[in-house]
Amino acid sequence: MKNGGGRTSRIRRRKLFRSSESRGVNESYKPEFIELKKWLKDRKFEDTNLIPARFPDSLRSSPRQGCSKLYFLSGKEGQTIISLPERCLLTTDTVIRSYLGAYIAKWQPPPSPLLALCTFLVSEKHAGDRSPWKPYLEVLPKAYTCPVCLEPEVVNLLPSPLKAKAWEQRSHVREFFSSSRGFFSSLQPLFSEAIESIFSYHALRWAWCTVNTRAVYMKRPPRLCLSPEPDTCALAPYLDLLNHSPDVQVKAAFNEETRCYEIRTATRCGRHKEVFICYGPHDNHRLLLEYGFVSIRNPHACVYVSKDMLVKYLPSTDKQMNKKISILEDHDFIENLTFGWDGPSWRLLTALKLLCLEAEEFTCWKKVLLGEIISDTNEKTSLDVAQKICRYFIEETNAVLQKVSRMKDEEVALMNQLTLVETLWTEELKILQASAKALITLQTAFT
């Protein structure tokens, strides 16, 4: 009699495959995680509930895509996901107690808390096997996908509002490096190699991205040896393997009584499922800018409408247009105008209703800002304009996606970066298509 060849056996194998796929592949056996666990144990942290694993990135384009995440062996609502002792955290206290402390204390003007953390990361990474932080450094990403790390031709593919912020970020990090070179030079006595070869722009950029994408909020008291900027960042080994999901609710804070950084879930964590935390109610522009990833089906995602686009389909003969724009600017109705999964935002429709007021209706502009209906004609006209803007965006988005697709064929070295941008535009297309449908439903009331 043959074993494993029947229908029941095939069904069982399919179930096992689906189960293992959703659980992820256990990676706790890997040398880097064995060393990290030993390192954490030496600092009085042990955890038997959370296991490093590799999961399929089916629901998001992740900042740690292709890297390990964490899953629960067991979990329940209200449970503490992780409680990481203070001695495991990398903070400015860590830096000041280190060999860098004396140099920081002498430097004027005082370095910022961010510069202190970045300097420590670059120095310890350069130390290699000699660094006591090596087990943690070994599991950090070798590269990041924040806009500052993207190639210029990829940055230029981003939606206009995000593209402007991306270029600002790149300029900010470049200025951060330039303004820090003097401080880096003061550290030359600590190294046998030329300081420029250690504290390069690329090394500092990596450290900046590490802090920016992985640090948790932990407020530290002011120090005279550091600039007065808020000192709120702490790197939390192991904890920073937890990925973002907009659908989970957690409480995260440093517990002064236990002296541990704790994350407690308000939603149930399924057994053998990936564990998520929420970085905040961020749209995809913010997530890509700050963390270098896009969240699929993000309920906070939206498509932004600029002032130029707002008036694109309005009559140029409207003599009151400048006055209308001025009113919107004065009342903070010219920014954060968006299309979302449910359709155009109330702010966008309100701005369009004011811009679509007929000359004889113009005196009612205050009522528009309060949400009152002025006339059926005004309602219909504003919805028609919103639909035209939405359709324009859909055409533009499809054109960009076609361009990205061609570039993926031609620029193989940029495949990962282009895929990230493609994911963002694909999500925006879905939002715009949903908004177009919602607008059709709204328009039927006036036909």
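Reading guide: rules and limits
Residues numbered from 1 in each chain as written. Predicted model: local features only at pLDDT ≥ 70, side-chain atom pairs only at ≥ 80, totals over all residues. Heavy atoms only, no water. Patch = residues over 30% accessible without salt bridge, like charges linked within 9 Å, V, L, I, M, F, W, Y side chains within 5 Å. Areas by Shrake-Rupley, 256 points an atom, 1.4 Å probe, with all protein chains shown as cover. Salt bridge = Lys/Arg side-chain N within 4 Å of Asp/Glu carboxyl O. Lys, Arg positive; Asp, Glu negative; His and termini not counted. Charge placed at Lys NZ, Arg CZ, Asp CG, Glu CD. Helix = DSSP H or I, 4+ residues; strand = E, 2+ residues; numbered from the N terminus. Buried < 20%, exposed > 50% of the residue type's maximum accessible area, 1.4 Å probe, protein only. Pairing = 2+ DSSP bridges. Axes fitted to C-alpha atoms, helices over the stretch in contact; angles between N-to-C directions. pLDDT = per-residue confidence, 0-100. Contact = heavy atoms within 4.5 Å.

S.K.: Summarise a negative patch on the surface; cite the residues concerned and give the values.
M.R.: Taken together, the side chains of Glu151, Glu153, Asp409, Glu410 and Glu411 present a region of like negative charge at the surface. Relative to the elements of secondary structure, glutamate 411 occurs in the loop between α16 (376–410) and α17 (415–443). Assessed through its relative accessible area of 35%, glutamate 411 is described here as partly exposed.

S.K.: Can you explain the sheet that holds strand β5 (residues 80–85)? Please cite residues and give values.
M.R.: Two orientations exist for strands paired in a sheet by backbone hydrogen bonds: parallel and antiparallel. Strand order in this open sheet of three strands is β5-β10-β9, and the pairing throughout is antiparallel. The open sheet has two edge strands with one neighbour each: β5 and β9 (250–255). Averaged over all pairs of adjacent strands, the angle between their axes in this sheet comes to 10°, without regard to strand direction. Examined bridge by bridge, β5 and strand β10 (residues 260–265) share five bridges and lie antiparallel to one another. Within the sheet, the bridge partner assigned to isoleucine 82 lies in β10 and is isoleucine 263.

S.K.: Account for the pattern of salt bridges, naming residues and giving values.
M.R.: Within this structure, the stated rule accounts for 14 salt bridges. Two residues, glutamate 35 and lysine 38, come together in a salt bridge whose shortest N-O distance is 3.8 Å. Separated by three residues within a single helix, glutamate 35 and lysine 38 lie in helix α2 (residues 31–42), roughly one turn from each other. A residue is classified by how much of its surface remains accessible, and glutamate 35, at 40% relative accessible area, is partly exposed. Lysine 38 gets classed as partly exposed once you look at its relative accessible area, which sits at 48%. In this structure, glutamate 86 and arginine 220 form a salt bridge, with 3.8 Å as the shortest nitrogen-oxygen distance. You can see glutamate 86 sitting in the loop between β5 and α3 (92–97) and its partner arginine 220 sitting in the loop between β6 (216–217) and β7 (233–234), a full 134 residues away along the chain.

S.K.: Could you give me a rundown of the confidence of the model for the protein chain, with the residues and numbers involved?
M.R.: Per-chain confidence: the protein chain averages 89 in pLDDT, with 87% of residues scoring 70 or above. Counted against residues more than four places away or in other chains, residues 13–22, with its pLDDT under 50, gives five contacts. When the criterion is pLDDT under 50, residues 58–68 qualifies, and its contacts beyond four places in sequence or with other chains add up to 42 contacts.

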